[in-house]
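This is what each chain is made of:
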Amino acid sequence: MERTLSIIKPDGVSRGLIGEVIKRFETAGIRIAAMKMLHMSKKEAEGFYAVHSDKPFFNSLTDFMSSDPIVVMVLEGENVISKNRELMGATNYKDADPGTIRADFATDIEKNVVHGSDAPETAATEIKYFFSELEIH
Ligand code: UDP
Ligand code: MG
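Everything numeric here is computed off the predicted structure, so don't read it as measured data.

**Some details on the pattern of salt bridges**
Within this structure, the stated rule accounts for 8 salt bridges. Where Arg 24 meets Glu 20, a salt bridge forms, and the shortest distance between an N and an O atom there is 2.8 Å. Of this pair, Arg 24 and Glu 20 both sit in helix H2 (residues 18-27), separated by 4 residues, roughly a single helical turn. Connected through shared salt-bridge partners, Arg 3, Arg 31, Glu 76 and Glu 133 make up one network.

Right, dumping it as structure tokens:
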């Protein structure tokens, strides 16, 4: 069993895509082990995306991620890290496979509806950023 962090980004929440995204996870046999809605501050968004702090898109990305509420989830299942990345599609929606969340709903390389951890180490760090062990069921 593996765990990963999923975020429905501000564009996904404000466009009414929470149910659509969750339906795709559950249909794929992924279990939701924790979930909450929150509105990150700019500082919290910078902390979450610290790995990208030297990138040209960092300031815009952290403005976007702190612009409106998000839904954060812990997903659980076999190979859920890569399974979730497959359901999400490529970072740039123009490169994303048809039928993926980003291909179907993203409007921009930045506003791409969902985040998903990319490896076991980042999953562990990212889950801890939002959830205590008592909040994961
Ligand atoms: N991003 C962006 N411009 C880029 C690359 C990434 O605005 O050229 C944003 C986009 O929202 C992406 C996030 O930064 O989801 C994190 O980038 P990463 O390369 O980690 O992509 P992801 O893991 O989300 O597919
Ligand atoms: Mg990433």
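**Topic: the packing of aromatic side chains**
The geometry of two aromatic rings is summed up by the distance between their centres and the angle between their planes. Inspection of every chain in the model, using the stated rule, returns 4 aromatic pairs. On the numbers, 4.9 Å between centres and 80° between planes, the contact of Phe 48 with Tyr 49 is edge-to-face. Tyr 49 shares its class with Phe 48; the two are buried. With a centroid separation of 5.5 Å and an interplanar angle of 45°, the aromatic rings of Phe 48 and Phe 130 are classed as tilted. Pair noted here: Phe 48 is in helix H3 (residues 42-48) and Phe 130 is in helix H7 (residues 120-130), with a separation of 82 residues, a long-range link. Phe 130 matches Phe 48 in its accessibility class, with the two residues each being buried. One aromatic cluster is present, built from ring pairs that chain together Phe 48, Tyr 49, Tyr 129 and Phe 130. The aromatic ring of Phe 64 is capped on one face by Lys 111, whose charged end is 5.0 Å from the ring centroid.

**Points about the nonpolar core**
Membership of the largest hydrophobic core comes to 19 residues, with the highest contact counts inside it found for Ile 7, Met 65, Phe 130 and Phe 131. Looking at this core, the elements that each hand over two or more residues are strand E1 (2-8), strand E2 (31-38), H3, helix H4 (58-65), strand E3 (70-77) and H7. When residues in this core are grouped by element, the largest group, 4 residues, is from H4. Discounting chain neighbours no more than four positions away, the residues touching Phe 131 are Leu 5, Ala 34, Met 35, Lys 36, Val 72, Met 73, Val 74 and Ile 136. Within the second largest apolar cluster, 17 residues are counted, among which are Val 21, Phe 25, Val 80 and Ile 101.

Cut-offs applied
- Residues numbered from 1 in each chain as written.
- Chains lettered and ligands numbered in written order.
- Predicted model: local features only at pLDDT ≥ 70, side-chain atom pairs only at ≥ 80, totals over all residues.
- Heavy atoms only, no water.
- Salt bridge = Lys/Arg side-chain N within 4 Å of Asp/Glu carboxyl O.
- Helix = DSSP H or I, 4+ residues; strand = E, 2+ residues; numbered from the N terminus.
- Phe/Tyr/Trp six-rings, centres within 6.5 Å; stacked < 30°, edge-to-face > 60°.
- Buried < 20%, exposed > 50% of the residue type's maximum accessible area, 1.4 Å probe, protein only.
- Lys NZ or Arg CZ within 6 Å of the ring centre and 35° of its normal.
- Core = buried A, V, L, I, M, F, W, Y, C linked by side-chain atoms within 4.5 Å.
- Contact = heavy atoms within 4.5 Å.

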